[in-house]
Amino acid sequence: TMSLNSSTLLNEENCQGRERNTECLESLELRTPSSFQDNPLQQLQLASQEVLEKAKKSGRSKCPRCSSSRMFYCYTCFVPVETVPTKEIPTVKLPLKIDIIKHPNETDGKSTAVHAKLLAPDDVTIYKYPCIPAYEEKRHEIALIFPGPNSVSVKDIAFHLQKYTKKSVCDNDDDCSREPFLKQAKIEPKEEKNLNECISSNRIEGIRLKKIIFIDSTWNQTNKIITDERLQGLLQIELKTRKTCFWRHQKGKPDTYLSTIEAIYYFLVDYHQEILKENYKGQYDNLLFFFSFMYTLIKNAKCCAGKE
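Residues numbered from 1 in each chain as written. Predicted model: local features only at pLDDT ≥ 70, side-chain atom pairs only at ≥ 80, totals over all residues. Heavy atoms only, no water.

- Taking an unreviewed UniProt entry as the reference, the protein is identified by name as tRNA-uridine aminocarboxypropyltransferase 1 belonging to Herpetotheres cachinnans.

Structure below.
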């Protein structure tokens, strides 16, 4: 679920050096999708990417805030460049808030986290570690996307969040101060069944996920963040059924380890269906607006070079 270093149109396999990489890819023309029938992103319901195509042809442009030369957007200011009018970039409204914790050594230009901030600016906040919020008092409404032995699936969020509330410990005990609310006795299968029935009958009103946390770093860098005491005790969620399309996937890691923007997108799709219980009709597809465009460019670049 971390970002595995998304490059802003850099194809290291086909060109030598960062500047040559950019020039190589910027000179490519998009081909028809017919040559990419295996493109798993083809079915997305996306806003017109014509603005990105025009910007690609124009080359790099200035960031309106820091004046740095960038392609498409400034990955430090989180805004589109001058050749990409903000009004032509889709905006996505999310059902909950998202915090992205970015490793300080994560290369800004390779991170897909900025995509989320650009496309859902009202609902996404990016923090650079170690500057992160204190989550302890909100554990009953926050979850962390991270694979691990204690991670649960999206469909089980409601049940597990319920166990994180003070109410679940205090129901039969007027003195809540004696035990931290996370230290509960092990719930037996029979009790777990009753608890699920409780949730389904809406007896536990107001208990819902309000914020989700993602870590943006290479997989080798995640340990420093995930072991931070401020993240301990949070409900962890793992996305186990999706495969990455990321062009910079790290060797030796499972293909279910997603880039940050993929993890955000797939989590929201699952959340929409499993928790909100609504049919998914492409509401969050535009979160992959930049990602899918870059994917196609790099796919084309590889084809041009005879790699595929």
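More follows now that the structure is in view.
**Some thoughts on the pairing of strand E7 (residues 142-145)**
And step 1. The alternating pattern of E7 places Ile 142 and Leu 144 and Ala 143 and Ile 145 on opposite faces, both of which are buried.
And step 2. Sheet topology note: the E7/strand E8 (residues 211-216) ladder contains 3 bridges and is parallel. In the strand pairing of E8, Leu 144 is matched with Ile 213.
And step 3. Of the strand pairs in this sheet, E7 and strand E9 (residues 235-237) are connected by 3 bridges, and their pairing is parallel. (Buried < 20%, exposed > 50% of the residue type's maximum accessible area, 1.4 Å probe, protein only. Helix = DSSP H or I, 4+ residues; strand = E, 2+ residues; numbered from the N terminus. Pairing = 2+ DSSP bridges.)

**Some details on unusual backbone geometry**
And step 1. Cis geometry is adopted by the peptide bond preceding Pro 130, which originates at Tyr 129 and carries an omega value of 15°.
And step 2. With respect to the element layout, Pro 130 can be found in the loop between strand E6 (124-128) and E7.
And step 3. Positive phi outside glycine occurs at Phe 72, with the angle close to 75°.
And step 4. The topology assignment puts Phe 72 in the loop between strand E2 (69-70) and strand E3 (73-74).
And step 5. Positive phi, normally seen in glycine, also occurs at Phe 78, with a value near 60°.
And step 6. Locating Phe 78 in the fold gives a position in the loop between E3 and strand E4 (79-80).
And step 7. Assessed through its relative accessible area of 27%, Phe 78 is described here as partly exposed.

**Here we look at helix H8 (residues 260-274)**
And step 1. A rise of 1.5 Å per residue sets the reference length of H8, with its 15 residues, at 21 Å; its end C-alpha atoms lie 21 Å apart and thus fit the reference within 8%.
And step 2. Here H8 lies mainly inside the structure; 13 of its 15 residues are buried. (Expected span 1.5 Å × (residues − 1).)

**Considerations on helix H2 (residues 50-58)**
And step 1. Here H2 has its buried residues at Val 51, Leu 52, Glu 53, Ala 55 and Lys 56.
And step 2. Two residues or fewer past H2, Gly 59 is found with a positive phi of approximately 90°.

**Brief notes about the nonpolar core**
And step 1. Counting residues in each nonpolar core, the largest one holds 57 residues, and the members touching the most others are Ile 98, Ile 212, Phe 267, Leu 287 and Phe 290.
And step 2. Ranked by residue count, the leading element in this core is H8, at 9 residues.
And step 3. When residues of this core are assigned to domains, at least three fall in each of domain 1 (51-85) and domain 2 (90-164 + 206-307).
And step 4. Within the second largest apolar cluster, 14 residues are counted, among which are Leu 144, Ile 213, Ile 225 and Leu 234. (Core = buried A, V, L, I, M, F, W, Y, C linked by side-chain atoms within 4.5 Å. Domains from an automatic or database assignment.)

**A few points about the pairing of E6**
And step 1. Pairing between strand E5 (residues 97-102) and E6: 5 bridges, direction parallel. Of the residues in E6, the one forming a bridge with Ile 98 is Val 124.
And step 2. Following the backbone out of E5, through helix H3 (residues 113-119) and into the adjacent parallel E6, one traces a crossover that is right-handed. (Right-handed = clockwise from strand over helix to strand, strands pointing away.)

**Comments concerning the environment of Pro 90**
And step 1. Note on placement: Pro 90 falls in the loop between E4 and E5.
And step 2. Accessibility expressed as a relative area gives 11% for Pro 90, which makes it buried.
And step 3. Placed 42 residues apart in sequence, Pro 90 and Ser 48 show a C-alpha to C-alpha distance of 8.9 Å.
And step 4. In contact with Pro 90, not counting residues within four places along its chain, are Ala 47, Leu 119, Asn 286 and Phe 289. (Contact = heavy atoms within 4.5 Å.)

**Some details on the sheet that holds E5**
And step 1. Within the open sheet, the 5 strands sit side by side as E6-E5-E8-E7-E9. Their pairing is parallel. The open sheet terminates on both sides in strands that have one partner only, identified here as E6 and E9. Going from strand to strand, the sheet's axes swing by 30° on average, the running direction of each strand aside.
And step 2. Here H8 sits on the sheet and contacts E5, E7, E8 and E9; the angle it forms with E8, its principal contact strand, is near 155°. (Axes fitted to C-alpha atoms, helices over the stretch in contact; angles between N-to-C directions.)

**Quick word on the packing of aromatic side chains**
And step 1. For the coordinates displayed, the defined rule picks out 7 aromatic pairs.
And step 2. When the ring of Phe 289 is compared with that of Phe 290, the centres are 5.3 Å apart and the planes differ by 85°; the resulting orientation is edge-to-face. By the burial criterion, Phe 289 is buried, and Phe 290 matches it.
And step 3. Members of the aromatic cluster, each reached through a chain of ring pairs, are Tyr 73, Phe 289 and Phe 290. (Phe/Tyr/Trp six-rings, centres within 6.5 Å; stacked < 30°, edge-to-face > 60°.)

**Looking at the side chain of Ser 292**
And step 1. Structurally, Ser 292 can be placed in helix H9 (residues 289-304).
And step 2. Of the residues examined, Ser 292 reaches a relative accessible area of 6% and is grouped as buried.
And step 3. Only 3.4 Å separates the side chain of Ser 292 from the backbone oxygen of Phe 289, close enough to count as a polar contact.
And step 4. Excluding anything up to four places from it in sequence, Ser 292 contacts Leu 41, Leu 44, Leu 46 and Gln 49. (Polar contact = N/O pair within 3.5 Å; in protein donor to acceptor, adjacent residues only side chain to side chain.)

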